Amino acid sequence: SYTGDGAVLEIQDPLGSSPTYTQVSPSDLSVFELETFNNALYIGTGSATSGYGVWKASLSTPGSAFSFTPIVTNGAGRGQAITSVVSMHVFRDRLYVGASGWYSTVFPGSELIRIASDDSWPVSYTHLRAHETVLDLVCRLLLEKKPNQ
């Protein structure tokens, strides 16, 4: 995945003498992460006022304009408590999204959600056990996963 605080740009004539860049993401999205999943580009966003989000960018036909669909909004229902996507990674046909509330407190809340290929995200893990780090949580979640999932 790619990390930053900005927008999604499309480049025209990248090998030419005068390549041009055009913003294709909505101007009100602050983009922090990009990851390809499910034949589309998924965009992790952040907002100090409404919380984090995940958007799906897809093309209906080559050369057409991108279509942006919200998958997760309003900090996954937690609003300002979880303000930004901080990581995105595909593993075993699921998109794992880590988010944190770094705008809101010195010790921010964090969570991990798992997005399925149908864009549902019924699983949300928001609590670490007393001895766990975020890496321990990811490993525990992967071990808890049923073999046929």
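Before reading further, recall that the structure is shown in the block above.
Residues numbered from 1 in each chain as written. Predicted model: local features only at pLDDT ≥ 70, side-chain atom pairs only at ≥ 80, totals over all residues. Heavy atoms only, no water.

> Lay out the overall build of the chain in plain terms, naming residues and giving numbers.
When helices and strands are tallied, the chain shows one helix and 11 strands. Moving toward the C terminus, one meets the helices and strands of the chain in the order β-β-β-β-β-β-β-β-β-β-β-α. Per element, the accessible surface of the chain, about 8900 Å² overall, is 55% carbon and sulfur. (Helix = DSSP H or I, 4+ residues; strand = E, 2+ residues; numbered from the N terminus. Areas by Shrake-Rupley, 256 points an atom, 1.4 Å probe, with all protein chains shown as cover.)

> Go over the pattern of salt bridges, please, and point to the residues and values.
All chains considered together, the criterion is met by two salt bridges. The partner of D119 in a salt bridge is K56, with the nearest N and O atoms 3.1 Å apart. Residue D119 is found in the loop between β10 (110–115) and β11 (123–125), and its partner K56 is found in strand β6 (residues 53–59); the two are separated by 63 residues along the sequence. Residues D119 and K56 agree in their burial class; the two are buried. Of the charged contacts in the structure, one is a salt bridge between R78 and E111, with a shortest N-O distance of 3.2 Å. Of this pair, R78 sits in the loop between β7 (66–72) and β8 (84–91) while E111 sits in strand β10, and the two are 33 residues apart along the sequence. The class for E111 is buried, based on a relative accessible area of 6%. (Salt bridge = Lys/Arg side-chain N within 4 Å of Asp/Glu carboxyl O. Buried < 20%, exposed > 50% of the residue type's maximum accessible area, 1.4 Å probe, protein only.)

> Lay out the packing of aromatic side chains in plain terms, naming residues and giving numbers.
Per the counting criterion, the structure on display carries two aromatic pairs. Between the aromatic rings of F66 and F68, the centroid separation amounts to 6.3 Å while the plane-to-plane angle is 40°, which identifies the pairing as tilted. (Phe/Tyr/Trp six-rings, centres within 6.5 Å; stacked < 30°, edge-to-face > 60°.)

> Tell me about the nonpolar core, residues and numbers included.
Core analysis: the biggest nonpolar cluster contains 16 residues, and Y42, Y52, V54, V72, V97 and I115 have the highest contact counts within it. Mapped onto this core, the elements with two or more residues apiece are β5 (40–45), β7, β8, β9 (94–100) and β10. If we skip the residues at most four places from it in the chain, Y42 touches E33, L34, E35, F37, V54, W55, K56, I71, M88, L95 and D119. Formed by seven residues, the second largest nonpolar core is a distinct cluster that contains V8, L29, V31 and I43. (Core = buried A, V, L, I, M, F, W, Y, C linked by side-chain atoms within 4.5 Å. Contact = heavy atoms within 4.5 Å.)

> Before we move on, could you go through unusual backbone geometry and cite the residues and values that matter?
In this structure, N38 takes a positive phi of about 60° despite not being glycine. Mapping N38 onto the fold places it in the loop between β4 (31–37) and β5. Classification of N38 as partly exposed rests on a relative accessible area of 31%. Here N74, not a glycine, exhibits a phi torsion of approximately 55°, which is positive. Overall, N74 belongs to the partly exposed group, its relative accessible area being 42%.

> Could you give an account of the pairing of β6, with specific residues and numbers?
Counting buried positions along β6 yields five of seven residues, so the element is predominantly enclosed. Bridging between β6 and β7 involves six bridges; their strand directions are antiparallel. Note that in β7 the partner of A57 across the bridge is F68. (Pairing = 2+ DSSP bridges.)

> Please set out the environment of I82 residue by residue, giving values where relevant.
Examined against the element boundaries, I82 turns out to sit in the loop between β7 and β8. Placed 36 residues apart in sequence, I82 and G46 show a C-alpha to C-alpha distance of 8.7 Å. Ignoring sequence-local partners within four residues, the contact set of I82 consists of G51, Y52, G75, A99, S100, G101, G109, S110 and E111.

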